[in-house]
Amino acid sequence: MNRIAVVGAAAGGLATAEALRRRGYQGVLTLVGDEAELPYDRPPLSKQILAGEWEPDRLALRGRADIDALDLDLRLGVGASGLDAAARTLLLADGTSLPYEALVVATGVRARCLPGAEGVGGVHTLRTLTDALALKTGLRMGQRLVIVGAGFLGAEVAAVARRLGADVTLLEAGPVPLAQAVGEETGRILAQVHREHGVRLHTDAKVATVLSADGEVTGVALADGRVLPADVVLVAIGSLPNTEWLADSGLALGDGLVCDQYSAAAPEVYGVGDVACWHNPLFDTAMRVEHRTNAGEQALAVAHNLLNPDARRPFAPVPYFWSDQYGAKIQAYGYLRDHDEARVLRSDLTERQFLVAYRRGDRLTGVLAMGQTPRALRAWRGLIASGATWDTALTDMAVTDPAAV
Amino acid sequence: MKITVDEPKCVAAGQCVLIAPEVFDQRDEDGMVVLLTEAPDADQHEAVREAALACPAAAIHVADS
Ligand SMILES: Cc1cc2nc3c(=O)[nH]c(=O)nc-3n(C[C@H](O)[C@H](O)[C@H](O)COP(=O)(O)OP(=O)(O)OC[C@H]3O[C@@H](n4cnc5c(N)ncnc54)[C@H](O)[C@@H]3O)c2cc1C
Ligand code: SF4
């Protein structure tokens with residue numbers, strides 16, 4: 001193998017390039033990214049950057065010297081526009097065509113827009129550094145911020161905006177925020193935390209239209225007739241995988257790039273990070289997770305599989321994510337979706353702690369927590385990784401951490 | 001090998017502890033990374049480099065010495 005192209009130059013793409021070099025690959029290594037900046041990290045965008053605690057230069061995933069040491073054919077500020085998979089040629093937006101022997105797709109996702117709100121001043125989405133800086137300028141003391149979508153991203157921004165003194169309204173289309181992702185009872189606990197911090201949370205709030213005057217947003221009108229005045233609107237209603245450039249490639253596209261248990265989409269074509277929907281054998285299900293940690297872990301796995309075609313390993317991680325809200329950290333291990341039961345084992349909001357375990361069939365499939373020790377969480381993770389049954393897990397944890405069960 | 005961690009960047013993910021438990025630990029109160037040794041033995045170098053790659057906050061820096 002002497003020509004590997006990685007498309008998407010953020011967490012997943014850069015980690016893949018690093019892992020390939022670490023594992024001894026010495027051939028040509030092209031890294032293509034449509035953003036102009038050196039690869040940077042996204043989680044701080046809705047946290048330290050929005051809060052004004054960090055300058056943007058702290059986001060860099062690696063310093064210039066570390067990137068130079070990778071000896072990359074680095075092409076930033078130019079997107080991939082197409083792929084001729086049969087000829088193994090990558091097409092770039094500037095007209096270049098690049099032959100490759102192996103390809104890694106790490107193009108991530110972009111924010112979903114609210115139809116009709118594009119181009120209205122004061123309406124934001126949050127995915128890039130530019131987005132974060134634009135939103136930050138709009139968030140001042142006393143400004144009225146309406147956030148459409150009460151998922152983790154909307155929740156984090158609500159928390160930071162309250163701290164900055166903004167007047168915050170959070171809109172959730174369903175009866176309980178995050179119910180699908182984490183279960184109803186957990187969603188209600190998280191909703192309670194927002195209310196305690198002075199956020200107005202409206203549930204069953206379906207947006208009809210964004211109101212504007214002279215091209216600037218003035219409010220959000222709901223389907224039931226309510227009107228919520230706004231100076232700034234954040235649309236946080238999920239994301240869309242960046243796979244349009246692969247439309248004519250013949251690769252299978254569904255909810256992202258469809259990959260097998262090795263993270264392969266085709267021979268010598270692999271997916272990494274938010275864009276990849278792969279079969280996770282640990283849970284025997286296809287999943288696409290938008291978690292920062294997964295981008296790194298999948299990059300390591302893909303680098304191994306690419307360089308060791310005769311000794312490939314299935315990518316079977318226990319997914320992990322965290323979210324920072326109101327000074328507390330929410331952490332989750334496992335696969336929380338599609339659960340049959342979400343059991344709240346601990347809930348003490350004044351102490352800022354809770355712990356929820358997830359069951360699918362007779363297995364423990366996930367845990368979500370706030371304010372638990374790293375040791376306790378690692379024990380839960382171990383049980384999920386080993387495929388422990390629900391009963392065994394609860395019994396085990398009663399021994400390790402009696403307060404938890 | 002000399003390891004440095006940028007503590008304010010750490011997000012308490014614990015990847016480093018899973019990969020190199022002899023070199024990294026986490027504080028009980030908030031999960032922040034604790035470096036057990038700045039200059040680990042040679043048999044730990046491989047694991048430390050993997051941890052630096054896997055850390056989701058790019059908070060671990062490894063310099064050769
Ligand atoms: C505001 C925010 C907060 C977050 N907070 C958390 C958190 O607290 N915890 C957590 O676990 N996760 C969090 N995440 C998710 C985490 O950031 C992602 O999981 C991670 O960025 C995924 O990395 P990636 O490399 O797969 O994709 P991305 O980071 O999306 O990178 C893909 C790159 O490819 C580029 N690209 C797209 N199309 C093309 C093309 N055709 N050609 C070339 N380049 C292209 C994109 O511009 C981008 O630079 C957060 C995300 C955001 C936006
Ligand atoms: S892996 Fe990184 S973020 Fe996680 S605990 Fe270690 S240093 Fe902190």
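How each quantity is defined
- Residues numbered from 1 in each chain as written.
- Chains lettered and ligands numbered in written order.
- Predicted model: local features only at pLDDT ≥ 70, side-chain atom pairs only at ≥ 80, totals over all residues.
- Heavy atoms only, no water.
- UniProt positions renumbered as here; feature names shortened; annotations may be inferred.
- Helix = DSSP H or I, 4+ residues; strand = E, 2+ residues; numbered from the N terminus.
- Rg over C-alpha atoms; globule rule 2.2 N^0.38 Å.
- Axes fitted to C-alpha atoms, helices over the stretch in contact; angles between N-to-C directions.
- Parallel < 35°, antiparallel > 145°, perpendicular 65-115°, else oblique.
- Left-handed = near helix turned anticlockwise from the far one by under 90°.
- Contact = heavy atoms within 4.5 Å.
- Nonpolar A, V, L, I, M, F, W, Y, C, P; charged D, E, K, R; others polar.
- Buried < 20%, exposed > 50% of the residue type's maximum accessible area, 1.4 Å probe, protein only.
- Polar contact = N/O pair within 3.5 Å; in protein donor to acceptor, adjacent residues only side chain to side chain.
- Domains from an automatic or database assignment.
- Buried area = accessible area lost by both parts, 1.4 Å probe.
- Salt bridge = Lys/Arg side-chain N within 4 Å of Asp/Glu carboxyl O.

You'll find chain B entered in an unreviewed UniProt entry as Ferredoxin, with Streptomyces tuirus given as the organism. Regarding chain B, the relevant UniProt record gives this comment under Function (unreviewed entry): "Ferredoxins are iron-sulfur proteins that transfer electrons in a wide variety of metabolic reactions."

Looking up chain A in an unreviewed UniProt entry gives the name FAD-dependent oxidoreductase, with the organism given as Streptomyces tuirus. As its UniProt record puts it under Cofactor (unreviewed entry), chain A is described as follows: "FAD".

Would you mind showing me how to read the overall build of chain B here?
Each helix and strand in chain B was counted, giving two helices and four strands. Start at the N end of chain B and walk to the C end: the helices and strands fall as β-α-β-β-α-β. Its C-alpha radius of gyration of 10 Å places chain B within 12% of the 11 Å reference for a compact globule of 65 residues. Taken along the three principal axes of its C-alpha coordinates, chain B extends 30 × 20 × 15 Å.

Is there a simple way to explain the packing of helix α1 (residues 11–22) of chain A against helix α2 (residues 45–54) of chain B in this structure?
Helices that pack against each other are described as a pair by the angle of their axes relative to one another and the distance between those axes. Between α1 of chain A and α2 of chain B, the shortest axis-to-axis distance is 10 Å and the interhelical angle comes to 165°. Of the possible angle classes, the one that applies to α1 of chain A and α2 of chain B is roughly antiparallel. The two elements α1 of chain A and α2 of chain B meet at a crossing, and its hand is right-handed. Judged by residue contacts, Glu 18, Ala 19 and Arg 22 of chain A of α1 of chain A engage Glu 46, Arg 49, Glu 50 and Leu 53 of chain B from α2 of chain B. Residues belonging to the contact of α1 of chain A with α2 of chain B are distributed by class as follows: two nonpolar, no polar and five charged.

Just checking my understanding: could you explain the environment of Asn 305 of chain A for this structure?
Residue and element names in this part refer to chain A. With respect to the element layout, Asn 305 can be found in helix α8 (residues 292–307). Classification of Asn 305 by relative accessible area gives buried; the value is 1%. The spacing of Asn 305 and Ser 263 is 42 residues in sequence and 8.7 Å in space, taken between C-alpha atoms. There is a polar contact of 2.8 Å between the side chain of Asn 305 and the backbone nitrogen of Arg 313.

It is not clear to me how the side chain of Thr 89 of chain A should be interpreted in this structure. Could you clarify?
All names here are of chain A. With respect to the secondary-structure elements, Thr 89 resides in strand β5 (residues 89–92). Residue Thr 89 is classed as buried on the basis of its relative accessible area, which comes to 17%. Side-chain polar atoms of Thr 89 contact the backbone oxygen of Ala 87, separated by 3.2 Å. In this structure, Thr 89 is in contact with Gly 82, Leu 83, Asp 84, Ser 97, Leu 98, Pro 99 and Tyr 100, ignoring residues within four places of it in sequence.

I would appreciate a short explanation of the domain arrangement of chain A in the present structure.
Interface size is commonly expressed as the accessible area that is lost once the parts come together. All names here are of chain A. Per the domain assignment, the segments making up chain A are domain 1 (3–110 + 240–311), domain 2 (113–237) and domain 3 (327–404). On the side of domain 2, 16 residues touch domain 1, which itself brings 17 residues to the contact. Carbon and sulfur atoms make up 65% of the area that domain 1 and domain 2 hide from each other, which totals about 1,400 Å². Summed over the three residues of domain 1 that lose the most area to domain 2, namely Leu 45, Ser 46 and Leu 50, the buried surface amounts to 39% of that side. The interface formed by domain 1 and domain 2 includes three salt bridges. Salt-bridge contacts for Arg 127 lead to Asp 274; the nearest nitrogen and oxygen are separated by 3.0 Å. Examining the composition of the side of domain 1 that touches domain 2, we find that three residues originate from one element, helix α2 (residues 48–51), more than from any other. The residue makeup of the side of domain 1 that touches domain 2, split by class, is eight nonpolar, two polar and seven charged.

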